There are 2 protein chains.
Amino acid sequence: MAQRVGVIGGGQLARMMIPAAVNLGIDISVLAESDDSSARLGATAVGDYRDVAVVREFASTVDVVTFDHEHVPADVLSQLVNDGVTLRPGPHALAFAQDKIAMRRRLGELGVPMPGWTMATTSADVTSFLAEYGGRAVAKTARGGYDGKGVRMITSADEVADWLSALAEGELLLLEEWISFRRELAQQIARRPSGEVALWPVVETIQTNGVCTEVIAPAPLSAGKVADMAAHIAVTIAEGLDVTGVLAVELFETLDDRILVNELAMRPHNSGHWTIDGSTTSQFEQHLRAVLDLPLGATEMTADHAVMVNVLGGPSRGMTSRLGQAMERHPNAKIHVYGKVFRAGRKVGHVTVAGDDLDSVVAQARGAAGNFQD
Amino acid sequence: MAQRVGVIGGGQLARMMIPAAVNLGIDISVLAESDDSSARLGATAVGDYRDVAVVREFASTVDVVTFDHEHVPADVLSQLVNDGVTLRPGPHALAFAQDKIAMRRRLGELGVPMPGWTMATTSADVTSFLAEYGGRAVAKTARGGYDGKGVRMITSADEVADWLSALAEGELLLLEEWISFRRELAQQIARRPSGEVALWPVVETIQTNGVCTEVIAPAPLSAGKVADMAAHIAVTIAEGLDVTGVLAVELFETLDDRILVNELAMRPHNSGHWTIDGSTTSQFEQHLRAVLDLPLGATEMTADHAVMVNVLGGPSRGMTSRLGQAMERHPNAKIHVYGKVFRAGRKVGHVTVAGDDLDSVVAQARGAAGNFQD
């Protein structure tokens, strides 16, 4: 009998696990938020992932539970553990992805390089941190942020007065050093419960308004020291936090050649979408292997370079009508459409091109994605 | 709104269309034979493809209908055409895939090289053909054969006495020249209604007991004349028979260096499974593009060589228990499991390895597939 993986959340990450599951003969089930979720083809249940009864019922139908996102509440996860459900990653690891202050604290214990940081509850805390770090900082809500949400670049305590006044009892605001970086990188790693790890090449990620818009694999001129530092950091975190499945570590490469940890995601991640068309094993297949504790696949690239460009929704951008145009002009482009309703700025698809000439690969990937833009 | 493709038949070919549809954002629906079909994840209806009411109802839910197999009866196809359903390939093309005598006749009109052949209804017809072709021949039922079924290698009319006596009014037996071949090849081609065609490299196929067991892409030492002849034949047939979607042309390479057409399949085909992991565009994605009349994707190989080895079911062969072992030993192997009940000799999965050293690729592919054998 095939092994059954259940995914909580019906977004594009769950959607992109479906092809990998079909190929490997793994039965995949998705607990989706709505009938028209991106992963609707795999949906076996529709309901609220915060409702413990809904999640318990779903979990009872599968052999292992994993996630499209990190938002399942801790009390729901605890109940599943009490029921004997296998969760991968486990709640002890997910806690660090859900709470950025817990994450910073744990990374500090592990000796992982990261920006200076502190916790703040008052305006005086913020002012003090700003004074220490050159008058500027990055303020983050400890929980719930993604794609630039819950993040502000600040130069005065006034700019987070609303967040401070809204803090509940025991809640803290995270303040981080505002890093002058040369570029942003991401290191993806997969880890099985039995301990095996596998890493893809470190990639460069390009953000626009806080949202990832482009990924270049491998990161140009990263061979050697940069790749080694990124890999070492990712292995330290995956093992130190006991992550199972895919972990994405978002990194800053600073102007003074340090590699610092920015964010973590304990699931397949936008920075790894290129692996579907550019690596022997995609992050989605690897995630399924890892959460089932199956041996991990090879992570070599299938060409010298791969470039992924996101397609973001806009008010008048129809995906289907542009598909033929993109295919006509770019027969080498691998086009991915997530089946999501269009909203401005929402990630609705991506394009990957792999090849041996980076200039050509970048031009083709941007060109193909451009067909979906106004 | 996404375009909706309906597939009649729930076998592994329909199953392998699902990942391609998910990636492209195409809605795929499958009319399956049973609840536990290989393509059950995409099944929106379960019923008999020979039942015109079942098929009409299914066709009404999609924009274009295509096929997992070529067995839908002509009267059912006619009714769909009368209903205004878009069928790709169309009934006029499918007729040649369904009736091997009609196919031979049409290929003769097109001047395509093929073995000598005749139609037989009597023992005397058979004896006469055997005398003309050196005392041996290949006898085939005109309809319904696949994977070696409905095919006999004969040296006397007695060996088909049962088939001759069972012929219905108007039915004919096909007799073909028994070819001394160096090897078997297959040429896959995709064609859109608007006329565009795309070809993958010609491959070598290895049959065991009439069932394809291994495919080597490209066929060794085929560059140049062999590839040119195979491509010319495939284009002639695709255009001459007005095929839309993927067409596989099975070929003999004779000891005297001719290329002759053996069989046709008007759908994705076992000889093209390697394209999932070894070509920029897989046969399944290309089939979807073609039947939707979207521009065809690039068919370059992603490595110098790709080798596919089928996994056949056996009495005591469990797939899942062997999966971990195959993954452990062969991290480069792309393992495909069809979710089918095991029966001896049944195709239940395949393994592909792509790489730049053919000896290594063959060894890895055979090694990985070997983990599923007793």
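Provided above is the structure to which this section pertains.
Residues numbered from 1 in each chain as written. Chains lettered and ligands numbered in written order. Predicted model: local features only at pLDDT ≥ 70, side-chain atom pairs only at ≥ 80, totals over all residues. Heavy atoms only, no water.

1. Some words on the interface of chain B and chain A
Here comes step 1: Each partner contributes residues to the interface: chain B has 39 residues there, and chain A has 39 residues.
Here comes step 2: For the pair chain B and chain A, the summed buried area comes to about 3,200 Å², and 56% of that belongs to carbon and sulfur atoms.
Here comes step 3: Applying the counting rule to chain B against chain A returns 4 salt bridges.
Here comes step 4: With its nearest N and O atoms 3.9 Å apart, the salt bridge here joins aspartate 27 of chain A to arginine 40 of chain B.
Here comes step 5: Our count for the contact surface shared by chain B and chain A stands at 10 residue pairs in polar contact (both at pLDDT 80 or more).
Here comes step 6: Going through the elements one at a time, helix 1 (12-24), helix 10 (283-291), helix 11 (320-329) and strand 16 (334-337) of chain B are the ones with two or more residues in the side of chain B that touches chain A.
Here comes step 7: With 7 residues, the top contributor of residues to the side of chain B that touches chain A is helix 1 of chain B.
Here comes step 8: Here the residues of the side of chain B that touches chain A sort into 18 nonpolar, 12 polar and 9 charged. (Contact = heavy atoms within 4.5 Å. Buried area = accessible area lost by both parts, 1.4 Å probe. Salt bridge = Lys/Arg side-chain N within 4 Å of Asp/Glu carboxyl O. Polar contact = N/O pair within 3.5 Å; in protein donor to acceptor, adjacent residues only side chain to side chain. Helix = DSSP H or I, 4+ residues; strand = E, 2+ residues; numbered from the N terminus. Nonpolar A, V, L, I, M, F, W, Y, C, P; charged D, E, K, R; others polar.)

2. Focus on the relation of the copies chain B and chain A
Here comes step 1: Rotating chain B by 180° about the axis while translating it 0.0 Å along that axis superimposes it on chain A, leaving an RMSD of 0.1 Å. Here the symmetry operator amounts to a two-fold rotation axis. No C-alpha of chain B approaches the rotation axis more nearly than that of proline 19 of chain B, which lies at 2.1 Å.
Here comes step 2: An overlap of 100% is found between the interface residues of chain B and their copies at the interface of chain A, pointing to a shared contact surface. (Least-squares fit on C-alpha atoms with pLDDT ≥ 70 in both.)

3. What to know about the sheet that holds strand 7 (residues 151-154) of chain B
Residue and element names in this part refer to chain B.
Here comes step 1: Spatial strand order, 5-8-6-7: 4 strands in an open sheet with antiparallel pairing. In this open sheet, the two strands that pair with only one neighbour each are strand 5 (117-120) and strand 7. The sheet shows a mean angle of 25° between the axes of neighbouring strands, direction not considered.
Here comes step 2: Looking at chain direction, strand 6 (residues 137-141) and strand 8 (residues 173-177) are connected through 5 bridges and run antiparallel. Looking across to strand 8, one finds that threonine 141 is bridged to leucine 173. (Pairing = 2+ DSSP bridges. Axes fitted to C-alpha atoms, helices over the stretch in contact; angles between N-to-C directions.)

4. Section: the nonpolar core
Here comes step 1: Judged by nonpolar contacts, the single largest core of 84 residues is most densely connected at Val5, Ile335 and Val351 of chain A together with Val5, Ile335 and Val351 of chain B.
Here comes step 2: Once you skip the residues sitting within four places of it in the chain, valine 351 of chain B turns out to touch Val307, Met308, Val309, Val311, Ala333, Lys334, Ile335, Ala365, Ala368, Ala369 and Phe372 of chain B. (Core = buried A, V, L, I, M, F, W, Y, C linked by side-chain atoms within 4.5 Å. Buried < 20%, exposed > 50% of the residue type's maximum accessible area, 1.4 Å probe, protein only.)

5. Here we look at the sheet that holds strand 7 (residues 151-154) of chain A
Residue and element names in this part refer to chain A.
Here comes step 1: Strand order in this open sheet of 4 strands is 5-8-6-7, and the pairing throughout is antiparallel. The sheet is open, and its two borders are formed by strand 5 (117-120) and strand 7, each paired with just one other strand. Each neighbouring strand pair of the sheet contributes to a mean axis angle of 25°, computed without reference to strand direction.
Here comes step 2: Pairing between strand 5 and strand 8 (residues 173-177): 4 bridges, direction antiparallel. Bridge pairing in strand 8 links alanine 120 to leucine 173.

6. Section: the packing of aromatic side chains
Residues and elements named next belong to chain A.
Here comes step 1: Counted by the stated rule, this structure contains 4 aromatic pairs over all chains.
Here comes step 2: Relative to phenylalanine 252, the ring of phenylalanine 181 lies with its centre 5.0 Å away and its plane at 15°, an arrangement referred to as stacked. Within this pair, whereas phenylalanine 181 is found in strand 9 (residues 181-191), its partner phenylalanine 252 is found in strand 13 (residues 245-254), the two being separated by 71 residues in sequence.
Here comes step 3: Directly above the aromatic system of tyrosine 49 lies the positively charged group of arginine 50, at a separation of 5.8 Å from the ring centroid. (Phe/Tyr/Trp six-rings, centres within 6.5 Å; stacked < 30°, edge-to-face > 60°. Lys NZ or Arg CZ within 6 Å of the ring centre and 35° of its normal.)

7. Overview of the packing of helix 1 (residues 12-24) of chain A against helix 10 (residues 283-291) of chain A
Residue and element names in this part refer to chain A.
Here comes step 1: Helix 10 packs onto helix 1 with a crossing angle of 70° between their chain directions and a minimal axis gap of 8 Å. Looking at the two axes, helix 1 sits roughly perpendicular to helix 10. Here Leu13, Met16, Met17, Ala20, Ala21 and Leu24 of helix 1 come into contact with helix 10, specifically with Phe284, Glu285, His287, Leu288 and Arg289.
Here comes step 2: The class makeup of the residues in the contact of helix 1 with helix 10 is 8 nonpolar, 1 polar and 2 charged. (Parallel < 35°, antiparallel > 145°, perpendicular 65-115°, else oblique.)

8. Section: the pairing of strand 2 (residues 27-32) of chain A
Residue and element names in this part refer to chain A.
Here comes step 1: The buried fraction of strand 2 amounts to 5 of the 6 residues, a majority that puts the element mostly inside the structure.
Here comes step 2: Strand direction decides the pairing type here: strand 1 (residues 4-8) and strand 2, joined by 5 bridges, are parallel. Of the residues in strand 2, the one forming a bridge with glycine 6 is serine 29.
Here comes step 3: Handedness of the strand 1-helix 1-strand 2 crossover: right-handed.
Here comes step 4: Of the pairings in the sheet, the one linking strand 2 to strand 3 (residues 43-46) comprises 3 bridges and is parallel in character. Within the sheet, the bridge partner assigned to valine 30 lies in strand 3 and is alanine 43. (Right-handed = clockwise from strand over helix to strand, strands pointing away.)

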